[in-house]
Amino acid sequence: HRKTVTCLTTNQSGSRLLTGCLDNFVRMFTTSITGDSIFRNSHSLNVSAPVLALDMCSNDMMIAVGTAANGVLMRTRDGHDKSLEKYIQRQQYEDDPIAKYDRDIHQWMQQQQKLKFMSAEQASGREKFIQKGTKDWVLRGQNLKLPTNLQKRDIAMEPQTQQFQLEDVTAMTMMVRFKSKKRMKQYDLCLKQFRYGDALDFALKAQRTEIVHCVLEDLWRRNGLEIALGGRDSLRLAPILEYLIYALPHPHLSQTALHVSAIVIDQYASIVGLTDDIDLLFRTMFEAITDVIMKYKILLKLQGSIDMILSAQDINANPLPPKMIQLTEKIEEMMQKTRAKFENSNTSVEIQPNSDKMETD
């Protein structure tokens, strides 16, 4: 060390001596005698501040260093995680002896599960067992050598791709089917990468109504319509307005188109009047919405008229039964009696004051 040594410590076995110094170094010395030398400096550790205290854990895998400026620093050796797992496992076995028995049972069951997929040579250890899905399983058969009594000309080295007839297929014929991998569209890739604006642009470039409608519904489900529709110039906004003008009168597309139209109007209401093309598209969209509203009003009136005609037809076709007619007559008779009774009571109240006045005279 170049400066004052502030602390000393040893590991649990006493085979290592650790020293801390004000020169920002922690040095480790071996206490065993090797040849003519003793206390040989085997390792050094540089920290960012002067060392005031240090200590080593019981398994020699971690060092705690107390510094003057940065507090306590922890340094670990390679393989610390595995040693920590072994230490925790050992403590678990000491606290609960049954845990070791349970682990042995679990390992035995795993070994029995492996034996289901092993041959007799692999189970006995004479042949290496290759587990499915590992690197060795993928690379198996690459170093396979042909038997000495078999020549290469006797084997078809290249697969035969010509079409076979049913009578040409034998037990030695191997057929390989090639599966064509379906490539994702550009808008699907953009949705997968959360590039909502680009996904909508690629869908509009496809010029297919069902694709644009599906992408808009997917963006609506992801709450990404504001992101996809925002920040567009006149060139990128025009295709969206053209699609909305087409989709608003359509009965199957109108629900999504109305929601998208509301978002577009909220985001781009401030730029109306800056470009003639966008103004023309907004005016056309307004006219399309107005036309749809007028049509719906006419259809509602027509529906009301048809309902009245159908209800009148049902009454004529299905007249009221006699019991219902008698019940209505009784109700009307009772209402007339009640009305007459009420009128008589009102007239008697009005005549009573005049009679009192005549008696006083």
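Residues numbered from 1 in each chain as written. Predicted model: local features only at pLDDT ≥ 70, side-chain atom pairs only at ≥ 80, totals over all residues. Heavy atoms only, no water.

Draft legend 1. The overall build of the protein, seen in detail. Helices and strands together make up the secondary structure of the protein, namely 12 helices and 7 strands. Counting across all 361 residues of the protein, residues that qualify as buried make up 21%. Contacts in the protein between residues far apart in sequence, at least 24 positions, make up 38% of those at least 6 positions apart. Total accessible area computed for the protein in this model is approximately 29,000 Å², and 56% of it derives from carbon and sulfur atoms. (Helix = DSSP H or I, 4+ residues; strand = E, 2+ residues; numbered from the N terminus. Buried < 20%, exposed > 50% of the residue type's maximum accessible area, 1.4 Å probe, protein only. Contact = heavy atoms within 4.5 Å. Areas by Shrake-Rupley, 256 points an atom, 1.4 Å probe, with all protein chains shown as cover.)

Draft legend 2. Structural context of the pairing of strand 7 (residues 72-76). Bridge count for strand 6 (residues 62-67) against strand 7 is 5 bridges, and the pairing is antiparallel. Counted as the bridge partner of Val65 is Leu73 from strand 7. In textbook terms, the turn of a hairpin is the stretch between consecutive antiparallel strands, and for strand 6 and strand 7 this stretch comprises 4 residues, one of which, Gly71, has a positive phi near 75 degrees. (Pairing = 2+ DSSP bridges.)

Draft legend 3. Focus on the nonpolar core. Core analysis: the biggest nonpolar cluster contains 35 residues, and Leu200, Leu219, Leu241, Tyr243, Leu244 and Val264 have the highest contact counts within it. Where this core is concerned, the elements lending two or more residues are helix 5 (186-192), helix 6 (196-205), helix 7 (209-221), helix 8 (225-229), helix 9 (234-247), helix 10 (254-268) and helix 11 (276-317). Membership of the second largest hydrophobic core comes to 11 residues, among which are Cys7, Leu18, Val51 and Leu54. (Core = buried A, V, L, I, M, F, W, Y, C linked by side-chain atoms within 4.5 Å.)

Draft legend 4. Molecular detail of the layout of surface pockets. What the second largest pocket holds in volume is close to 350 Å³. In terms of lining, the second largest pocket is formed by 17 residues, of which the most central are Met28, His43, Met56, Ile63 and Arg77. Residue assignment for the lining of the second largest pocket shows that the elements contributing at least two residues are strand 3 (25-30), strand 4 (40-46), strand 6 and strand 7. Of the residues belonging to the lining of the second largest pocket, the class tally is 7 nonpolar, 5 polar and 5 charged. (1 Å grid on protein atoms, 1.4 Å probe; cavity = no way out; pocket = protein on both sides within 12 Å on 5 of 7 lines; lining within 4 Å. Points joined across faces, edges and corners; volume = space filled by probe spheres on them. Nonpolar A, V, L, I, M, F, W, Y, C, P; charged D, E, K, R; others polar.)

Draft legend 5. Highlighting the packing of aromatic side chains. Applying the stated rule across the entire model yields 1 aromatic pair. For Arg27, the ring lying beneath its charged end belongs to Phe25, and the centroid distance is 4.8 Å. (Phe/Tyr/Trp six-rings, centres within 6.5 Å; stacked < 30°, edge-to-face > 60°. Lys NZ or Arg CZ within 6 Å of the ring centre and 35° of its normal.)

Draft legend 6. How the structure looks around the environment of Met184. Relative to the elements of secondary structure, Met184 occurs in the loop between helix 4 (135-138) and helix 5. Contacts of Met184, omitting those with residues within four sequence positions, involve Leu189 and Lys192.

Draft legend 7. Up close: the packing of helix 6 against helix 9. Across the interface, helix 6 lies against helix 9 with an axial gap of 11 Å and an inter-helix angle of 60 degrees. Relative to helix 9, the element helix 6 lies oblique. Note that helix 6 runs across helix 9; the crossing there is left-handed. Residue-level inspection shows Gly197, Leu200, Asp201 and Leu204 of helix 6 in contact with helix 9, the latter providing Arg236, Pro239, Ile240 and Tyr243. The class makeup of the residues in the contact of helix 6 with helix 9 is 5 nonpolar, 1 polar and 2 charged. (Axes fitted to C-alpha atoms, helices over the stretch in contact; angles between N-to-C directions. Parallel < 35°, antiparallel > 145°, perpendicular 65-115°, else oblique. Left-handed = near helix turned anticlockwise from the far one by under 90°.)

Draft legend 8. Main features of a nonpolar patch on the surface. A cluster of nonpolar residues, Tyr296, Leu299, Leu302, Ile306 and Leu310, forms a patch on the protein surface that exposes about 490 Å² of accessible area. Inspection of the secondary structure assignment puts Leu302 in helix 11. Taking relative accessible area as the criterion, Leu302 reaches 47% and is therefore assigned partly exposed. (Patch = residues over 30% accessible without salt bridge, like charges linked within 9 Å, V, L, I, M, F, W, Y side chains within 5 Å. Salt bridge = Lys/Arg side-chain N within 4 Å of Asp/Glu carboxyl O.)

Draft legend 9. Seen up close, the pairing of strand 6. Both strand 5 (residues 51-56) and strand 6 contribute to a ladder of 5 bridges, which runs antiparallel. For Val51, the partnering residue across the bridge sits in strand 6 and is Thr67. Taken together, strand 5 and the strand that follows it, strand 6, pair antiparallel across an intervening segment of 5 residues, in which Asp60 is found at a positive phi of about 60 degrees.

Draft legend 10. A look at unusual backbone geometry. For Gln207, which is not glycine, the phi dihedral falls at a positive 55 degrees. Relative to the elements of secondary structure, Gln207 occurs in the loop between helix 6 and helix 7. By relative accessible area, which is 72% here, Gln207 ends up exposed. Although it is not a glycine, Asn223 sits at a positive phi angle of roughly 60 degrees. Its location among the elements puts Asn223 in the loop between helix 7 and helix 8.

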